[in-house]
Amino acid sequence: MPSHDHDHDQDTDDLELTESLITMVDQETGEEYDFIMADDFEFEGQVYCLLLTVYEEEQSAVFVRVEEQEDGTEGFVSLEDDEFDRVAEEYDRLCELEA
């Protein structure tokens with residue numbers, strides 16, 4: 001699972017974790033990771049979410065793509081490096097526009 005260290009001055013201690021906690025399972029290792037959804041945005045006709053790790057010593061951020069699953073529900077898909085780089089660059093650009 002690609003990760004990207006990213007600081008947007010967001011303190012996870014201040015966030016409501018009860019409704020926003022997301023647990024993802026690494027399909028290769030079976031290891032579980034807990035995240036909170038910090039943001040979502042559209043880019044290149046897709047919806048992406050910025051997830052921040054919780055319960056980790058060092059906080060990191062992960063971008064994922066939202067896709068409809070076979071059962072009709074929405075799920076997250078990890079990004080390959082090139083897509084991750086494009087999405088991270090776009091997110092940085094959006095953050096600069098809001099500043």
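Refer to the structure above for everything that follows.
Keep in mind that this is a model prediction, so the values were computed, not measured. Each chain has its residues counted from 1, running along the sequence as written. Totals for whole chains, interfaces and linings use every residue, but because this is a predicted model, local features are given only for residues with pLDDT of at least 70 and side-chain atom pairs only at 80 or more, for both listing and counting. To get the side-chain values, take all heavy atoms of the structure and skip hydrogens and water.

Comments concerning the sheet that holds strand β5 (residues 74–78)
Backbone-to-backbone hydrogen bonds pair the strands of a sheet. The strands run either parallel or antiparallel. Pairs of strands are assigned from DSSP output, requiring at least two bridges between the strands. The secondary structure listing takes helices from DSSP runs of H or I that are at least 4 residues long and strands from runs of E that are at least 2 residues long, numbered from the N terminus. Read across the open sheet, the 5 strands follow the order β1-β2-β3-β4-β5; overall the sheet is antiparallel. Unpaired on one side and paired on the other, β1 (21–25) and β5 mark the two borders of the sheet. With strand direction ignored, the average angle separating the axes of adjacent strands in the sheet is 50 degrees. Examined bridge by bridge, β1 and strand β2 (residues 32–43) share 5 bridges and lie antiparallel to one another. Residue pairing across strands places Ile 22 opposite Phe 35, the latter belonging to β2. The criterion used for residue contact is that any of the two residues' heavy atoms lie within 4.5 Å. Axis geometry follows a simple rule: fit a line to the C-alpha atoms, using only the stretch in contact for helices, then measure angles between N-to-C directions, giving values from 0 to 180 degrees. Sitting on the sheet, helix α2 (residues 81–98) is in contact with β2, β3 (46–53) and β4 (61–68), with an inclination near 65 degrees to β2.

A closer look at the side chain of Asp 26
Residue position: Asp 26 is located in the loop between β1 and β2. Buried residues are those whose accessible area, probed at 1.4 Å on protein chains only, stays under 20% of the maximum for their type, while exposed residues exceed 50% and partly exposed ones sit between those limits. When charges are counted, Lys and Arg are positive and Asp and Glu negative, with His and the chain ends excluded. The term salt bridge refers to a pairing of a side-chain nitrogen on Lys or Arg with a carboxyl oxygen on Asp or Glu at a separation within 4 Å. Among buried Asp, Glu, Lys and Arg side chains, Asp 26 stands out as unpaired, with Arg 65 the closest opposite charge at 16 Å. Two N or O atoms count as a polar contact when they lie within 3.5 Å, although within protein this holds only if one can serve as hydrogen donor and the other as acceptor, and sequence-adjacent residues are included solely when both atoms are side-chain atoms. Within the structure, the side chain of Asp 26 is placed 2.8 Å from the backbone nitrogen of Glu 28, a separation counted as a polar contact. Excluding its chain neighbours within four sequence positions, the residues that come into contact with Asp 26 are Glu 31 and Tyr 33.

Observations regarding the pairing of β2
Working note: regular strand, side chains alternate between the two faces of the sheet. Connecting the antiparallel pair β1 and β2 is a turn made up of 6 residues, with Gly 30 showing a positive phi of about 80 degrees. Here β2 folds back onto β3, and the loop between the two strands holds 2 residues, one of which, Glu 44, carries a positive phi near 50 degrees.

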